[in-house]
Amino acid sequence: TQLLEQSPQFLSIQEGENLTVYCNSSSVFSSLQWYRQEPGEGPVLLVTVVTGGEVKKLKRLTFQFGDARKDSSLHITAAQPGDTGLYLCASRNTDKLIFGTGTRLQVFP
Amino acid sequence: DAGVIQSPRHEVTEMGQEVTLRCKPISGHNSLFWYRQTMMRGLELLIYFNNNVPIDDSGMPEDRFSAKMPNASFSTLKIQPSEPRDSAVYFCASSLVGEQFFGPGTRLTVL
């Protein structure tokens, strides 16, 4: 069974700071997704990466997929309080998703 | 358009009672997923259906858990009898191709 470890587990920062969170797998990803989950809601898909070395940008968020497709990072530039939430990476295997342990981000104004 | 609808949003019950969680997927979606989220174990897939047929129930913890999908617009997850360790947030998600859309979850507390 594929295991996805995310780090850090918790992160508290001030508005305007930059941050990076990581997702590491025990095996190669077929494809990887990043989700954000806000309190009291379900996860919402941010991005899907498929190709090793791929970089995708979504406004202030930059997603990178490792060359060997066993790791990924999410970088947020100039964090805002609205970025607060639980960030989850997930490995997609046909229809199934295996989720990582999550990084809980708190951005203070 | 309405998203995935789950009911109830909160459920508090006593150990030994039967609990039924309900889900209405997004219209037109052909896959439905039930997940459980806890602090200790994170977000885990319990079971998923494709075209109303259960495809993979390997995540269902034990025989106390059962799920049904009698038609394309409705699914239930039942726990009988419930135990305190079943306390968690249960999510339903649906998809057509690729992206899964999650409902708001049902927070279950078993006393």
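None of the values given here were measured: they were computed from a predicted structure.

Draft legend 1. Focus on the overall build of chain B. Along chain B, the regular secondary structure elements total zero helices and eleven strands. Listing each helix as α and each strand as β along chain B from the N terminus yields β-β-β-β-β-β-β-β-β-β-β. A compact globule built from 111 residues would reach a C-alpha radius of gyration of about 13 Å, and chain B, at 13 Å, matches this within 12%. Its C-alpha atoms put chain B at 40 × 25 × 25 Å along the principal axes. Per-residue burial over chain B gives 47% buried out of 111 residues. Summarising the internal contacts of chain B: among those between residues at least 6 apart in sequence, 53% fall at separations of at least 24.

Draft legend 2. Layout of the side chain of Ser73 of chain A. Mapping Ser73 of chain A onto the fold places it in strand E8 (residues 71-76). Residue Ser73 of chain A is classed as buried on the basis of its relative accessible area of 15%.

Draft legend 3. The interface of chain A and chain B, seen in detail. Counting from both sides, the interface comprises 15 residues of chain A and, opposite them, 17 residues of chain B. Overall, the association of chain A and chain B removes approximately 1300 Å² of surface from exposure, summing both partners, and the carbon and sulfur fraction of that is 54%. The largest share of the area that chain A buries against chain B comes from Asp95, Lys96 and Phe99 of chain A, three residues that together contribute 35% of it. On the surface where chain A and chain B come into contact, there are one salt bridge. The salt bridge involving Asp56 of chain B is made with Lys96 of chain A; its shortest N-O contact spans 2.8 Å.

Draft legend 4. View of the pairing of strand E9 (residues 88-95) of chain B. Residue and element names in this part refer to chain B. With eight of eight residues buried, E9 lies mostly within the body of the structure. Of the two faces of E9, the one holding Ala88, Tyr90, Cys92 and Ser94 and the one holding Val89, Phe91, Ala93 and Ser95 are both buried throughout. Where strand E4 (residues 31-38) and E9 come together, seven bridges link them in antiparallel fashion. Of the residues in E9, the one forming a bridge with Ser31 is Ser95. Relative to strand E10 (residues 100-102), E9 runs antiparallel, the two being bridged by three bridges. Looking at E10, one finds that Ser95 is bridged to Gln100. The antiparallel hairpin formed by E9 and E10 contains four residues in its connecting segment, where Gly98 sits at a positive phi of about 85 degrees.

Thresholds applied
- Residues numbered from 1 in each chain as written.
- Chains lettered and ligands numbered in written order.
- Predicted model: local features only at pLDDT ≥ 70, side-chain atom pairs only at ≥ 80, totals over all residues.
- Heavy atoms only, no water.
- Helix = DSSP H or I, 4+ residues; strand = E, 2+ residues; numbered from the N terminus.
- Rg over C-alpha atoms; globule rule 2.2 N^0.38 Å.
- Buried < 20%, exposed > 50% of the residue type's maximum accessible area, 1.4 Å probe, protein only.
- Contact = heavy atoms within 4.5 Å.
- Buried area = accessible area lost by both parts, 1.4 Å probe.
- Salt bridge = Lys/Arg side-chain N within 4 Å of Asp/Glu carboxyl O.
- Pairing = 2+ DSSP bridges.

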